[in-house]
Amino acid sequence: MARGNQRDLAREKNAKKNGNKNKSSSETEGNKGLTRAQREERDAAAMREKQAKAAAKKAEAAAGGK
C-alpha cells in the first residue's frame, strides 16, 4: 500500500488542474444572467452569421475561379 498517498496526491493535482471544467454552462462568465433560450438564440445567431460569411467566401471563390 505504498502507492496510496501517491494516488491521493495525483487526484488532488488533477482536481486542481480541472478546476472550472465542472461548472455548468449557466455558471460560465459569458452565460451569466441568460436563460437557456437566450443562450440558444445568441448561439444560433452567431452560427447563422458564420454560415453566411462562409457562403459569401465560397461564392467569391467560385466567381473568381471561372
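If you're wondering where the values come from, they're calculated on a predicted model, not measured in any experiment. (Residues numbered from 1 in each chain as written. Predicted model: local features only at pLDDT ≥ 70, side-chain atom pairs only at ≥ 80, totals over all residues. Heavy atoms only, no water.)

A. Structural view of the pattern of salt bridges. For the structure shown, the criterion picks out four salt bridges. A salt bridge links E29 to K32, with the shortest nitrogen-to-oxygen separation between them at 3.7 Å. Of the residues examined, E29 reaches a relative accessible area of 63% and is grouped as exposed. The salt bridge involving D43 is made with R42; its shortest N-O contact spans 3.2 Å. For D43, a relative accessible area of 42% gives the class partly exposed. According to the relative accessible area criterion, R42 is partly exposed, its value standing at 36%. (Salt bridge = Lys/Arg side-chain N within 4 Å of Asp/Glu carboxyl O. Buried < 20%, exposed > 50% of the residue type's maximum accessible area, 1.4 Å probe, protein only.)

B. Expanded view of helix α1 (residues 4–17). Over its 14 residues, α1 extends 20 Å from the first C-alpha to the last, a length consistent with the 20 Å expected when each residue adds 1.5 Å. Among the 14 residues that make up α1, zero are buried, leaving the element largely open to the surroundings. (Helix = DSSP H or I, 4+ residues; strand = E, 2+ residues; numbered from the N terminus. Expected span 1.5 Å × (residues − 1).)

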